[in-house]
Amino acid sequence: MKRPARVRALFALAVIAVSVFVAVTVPVRLGLDLRGGTQIVLETRSTETLEADSEATDRTLEVLRGRVDALGVAEPGIVRSGDNRIIVELPGVQDPRQAADVLGRTAQLSVHPVLGPGAADGRALPKGERVLPDEAGEGLHLGGAALSGQDVKSAEARFDPQSGAGWHVTVDFADGKGWARLTGEAACHPAGDPQRRVAIVLDNKIISSPQVDPSVACGAGITGGSTQITGSFTSDEAKELALLVHGGALPVPVETVEQRTVGPTLGAEAIRASAWAAVAGTALTALFVVVVYRLMGLLAVVALLCYGLISYAGLAALGATLTLPGLAGFVLAIGMAVDANVLVFERAREEYAKRNRPSGRSALTAGFKGAFSAIADSNVTTLIAAALLFVLASGPVKGFGVTLGIGVLASMISALVITRVLAEFAVARRWVHRRPGVTGLASVGRVRAFLTRRDPQLMRRPRRWLAVSAVVLAVAAAGIFVRGLNFGVEFTGGRLIEYSTEQTVDPDRARAALADAGFPQAVVQSSGDSGLTVRTEELTNEEAVKVAETVAEVGGGAEKVRDELIGPSLGDELRRNALIALGLALAAQLLYLAVRFRWMFGTGAVAALAHDVVILTGIFAWLGKPIDGVFLAALLTVIGYSVNDSVVVFDRIRELWRKDAKAPLAQVTNQAILQTVPRTVNTGIGVIFILAALALLGGDSLTDFALALLIGMLVGTYSSVLTASPLAIELDARAGGRKGGRKRGRSAAGRPPAPRSDERPQRTATTGRRS
């Protein structure tokens, strides 16, 4: 074994060994949509005196951490996101109301003197004074705060059966003098006078307003700095109040901008469905690759398994959270990772057909050498997009960028290192050398043989393909303007709740019942065999309970399996950041392709990407499908798939043009397309197997994802060949490029036979090329 081969083998073994170690020792965190629970995103808000900067958010996070720990949730997660956002994950918590109340309340405790009964004449009160109802609902006129939550030293819930106070909260103040002064002033008023009371206020609500005991002397007050908050508390209420008071006031107010609750049943079904889809799709793809490429296909399957291992280890090492769209994308990536292997094997087949009795090793070496530039360029463009999505986007788009980047790197290691090590070892065996047919490289394949016989001239009239693309584009775009886009709550803000009902419910009936209940704007859709999704504007928790009761009434009982609350500010941010990241990703890809190829190729590729985006979005508009985070993940996958196809064709054009610099672009493009179609067909079939498994076995939550990818794959394959290439030809012609190819295309008698894949283009005097 030569030194480069030994280095590759050692590198492959090291990567696999590290991946196995990480996969065994570091578990991948499952998102709440896979294990059930509640996720709450809180955003800190500035006040007149405090700015909600990163430092204030860090202090808020520490206070929230204490509150989360006190809730007793197993394996909670709490992290800062950006300068003023905190993400809290509470596995197993199915009722988000209590968690949201405990986490989001500012717990601004204050103690006030009572100036008298509440004013009923509507007079404006001096600054700092206010009227609040006491425990019995009677108004009290309160003076300015004498003590605040910052003066609290400790708080503890206690039960005293002897005094009859029951559950109460004992509060110790750090400044005993302030408490003594406040109670001493109240003791100067006669018993029964409202001014003898002291009001303890939590979040603008009087939770206790006791009278100062008659034994307390005027001016002396209660010394020791301790008091009891009573109010007929239950044990849970007393403990929660003690938690809020003792946990300290939040440095700045917080607002819930996103809230997601997923039932464990949905998570278990999603994992089981995705696992079946992974097994079935991978098995079909592996079988197809082995049938087409025989021994090389079998080795490619082994490399693909290593790819899955490396990707999993990468997610675990980075601490990434695997969500449902990420799991589906991970399964799909197994099928798309076939592409690099197919590129190498098809180039090796071409090399085998060009030479007279070549060795398998030489054909394979030439295949890796010839495919390297296409693999590198296509993966670099995808990495550029992944990096921009990670840096600029937020939410699910940001996570998709991480998964995409890991998948690309793992794919390159799998195809260029592991597959090569295994293939070179296999073709060096004597029994393989004596039986070249077993390698799968000695035949040109049925698709290539068919194209060689028929020799279609696809680029004779490129404007016809552009006209077809324009018509399809117009029809799809009409759906966006006529039907409109059904944006999910991720982008619009609001509340989306999914229920599993005992009986199948007609959405129109449920919609009418919700309208009668006070929710006329609710959007109701069927979900699965016996389920409903209700999407409304932002609801309070009490309104959500009313919606649940209405659905249960019409459905004979209902169980909530998913609950998502997205604030309008977060929805605007997600939509804005996603569009910015997508636009910059397209611009960066255009710049890279223009540098690596020529400007008309970069323009053609990016135009094809925009073409794919509009068509896929338009089809979803016509079908009334939701434009949500899952669709966005599918759209980004389609963009990556489409640019890969375009780069493969343009790389072959560049290679052929180097051999014959004077050949017309139309002729070279036609030849490049015919030579790369076998790779496109074989890769597409492998991806279809995975998508079919996702659509049929992945469950309702993955159906739209698989549908978007199926449509996008077909549109992307078409556009990369029959939109990007014709557009590049037209741009080259308008820029004064090689027009001879177009003249030759119009003259059937003067057009020479198209060259075979193993021959250089034959030039004759009848080409019609202008001097």
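Residues numbered from 1 in each chain as written. Predicted model: local features only at pLDDT ≥ 70, side-chain atom pairs only at ≥ 80, totals over all residues. Heavy atoms only, no water.

*Asks:* Which residues make up the overall build of the chain, and what are the values?
*Replies:* For the chain, the helix and strand inventory stands at 24 helices and 21 strands. Burial statistics for the chain: of 771 residues in total, 51% are counted as buried. Expressed as a percentage of contacts within the chain between residues at least 6 apart in sequence, the contacts between residues at least 24 apart total 78%. Total accessible area on the chain stands at roughly 34600 Å², and carbon and sulfur atoms take up 58% of it. (Helix = DSSP H or I, 4+ residues; strand = E, 2+ residues; numbered from the N terminus. Buried < 20%, exposed > 50% of the residue type's maximum accessible area, 1.4 Å probe, protein only. Contact = heavy atoms within 4.5 Å. Areas by Shrake-Rupley, 256 points an atom, 1.4 Å probe, with all protein chains shown as cover.)

*Asks:* Describe helix H23 (residues 724-734), and please don't skip the residues or the numbers.
*Replies:* The buried fraction of H23 amounts to nine of the eleven residues, a majority that puts the element mostly inside the structure. Regarding H23, the residues found buried are Ala724, Ser725, Pro726, Ala728, Ile729, Glu730, Leu731, Asp732 and Ala733. Immediately beyond the C-terminal end of H23, within one or two residues, lies glycine 736, with a positive phi of roughly 85°.

*Asks:* Quick rundown of the packing of aromatic side chains? Include the residues and the values.
*Replies:* Here the structure, examined in full by the defined rule, presents eight aromatic pairs. Over the face of the ring belonging to tryptophan 657 we find arginine 598, whose NZ or CZ atom lies 4.5 Å from the ring centre. (Phe/Tyr/Trp six-rings, centres within 6.5 Å; stacked < 30°, edge-to-face > 60°. Lys NZ or Arg CZ within 6 Å of the ring centre and 35° of its normal.)

*Asks:* Outline the pairing of strand E6 (residues 130-133), listing residues and values.
*Replies:* The pairing of E6 with strand E7 (residues 139-142) spans four bridges and is antiparallel. Its bridge partner lying in E7, valine 131 is registered against histidine 141. (Pairing = 2+ DSSP bridges.)

*Asks:* Give me the lowdown on the state of the cysteines, citing residues and values where you can.
*Replies:* As enumerated under the stated definition, the model contains one disulfide in all. With a sulfur-sulfur separation of 1.8 Å, cysteine 188 is cross-linked through a disulfide to cysteine 218. On the sign convention where negative is left-handed, the bridge of cysteine 188 and cysteine 218, at about 80° about the S-S bond, is right-handed. Taken as a pair, cysteine 188 in the loop between helix H5 (176-186) and strand E11 (198-202) and cysteine 218 in the loop between strand E12 (206-208) and strand E13 (226-233) lie far apart in primary sequence, 30 residues in all. (Disulfide = S-S within 2.5 Å.)

*Asks:* Would you mind going over a nonpolar patch on the surface in detail, with residue names and values included?
*Replies:* On the surface, a cluster of nonpolar side chains totalling about 560 Å² of accessible area is made up of Val471, Val475, Phe481, Val482 and Trp622. Take the nonpolar patch: its biggest share by element is four residues, from helix H14 (residues 462-482). As for its placement among the helices and strands, valine 471 is situated in helix H14. Judged by relative accessible area, which is 53%, valine 471 ranks as exposed. (Patch = residues over 30% accessible without salt bridge, like charges linked within 9 Å, V, L, I, M, F, W, Y side chains within 5 Å. Salt bridge = Lys/Arg side-chain N within 4 Å of Asp/Glu carboxyl O.)

*Asks:* Hey, could you go over the pattern of salt bridges for me, with residue numbers and the actual values?
*Replies:* If you walk through the whole model with that rule in mind, you get 20 salt bridges. Note that arginine 596 is salt-bridged to aspartate 377, the shortest N-O span being 2.8 Å. In this pair, arginine 596 is assigned in helix H18 (residues 568-596) and aspartate 377 in helix H10 (residues 360-392), connecting sequence segments 219 residues apart. Relative accessible area serves as the criterion here: at 1%, aspartate 377 is assigned to the buried category. Where glutamate 655 meets arginine 652, a salt bridge forms, and the shortest distance between an N and an O atom there is 4.0 Å. One end of the pair is glutamate 655 and the other is arginine 652, both in helix H20 (residues 629-659) and three residues apart, which spans about a single turn. Each member of the pair, glutamate 655 together with arginine 652, is buried.

*Asks:* Let's hear about the nonpolar core: which residues, and what values?
*Replies:* By size, the foremost hydrophobic cluster in this structure holds 61 residues, and its most contacted members are Phe601, Leu616, Phe650 and Ile653. Secondary structure elements with two or more residues in this core: H18, helix H19 (599-623), H20, helix H21 (665-697), helix H22 (700-722) and H23. Counting residues per element, this core draws most heavily on H20, at 16 residues. Excluding anything up to four places from it in sequence, leucine 616 contacts Phe631, Leu635, Val638, Ala708, Ile711 and Gly712. Residues Tyr307, Phe368, Ala371 and Val432 belong to the second largest nonpolar core, which totals 41 residues. (Core = buried A, V, L, I, M, F, W, Y, C linked by side-chain atoms within 4.5 Å.)

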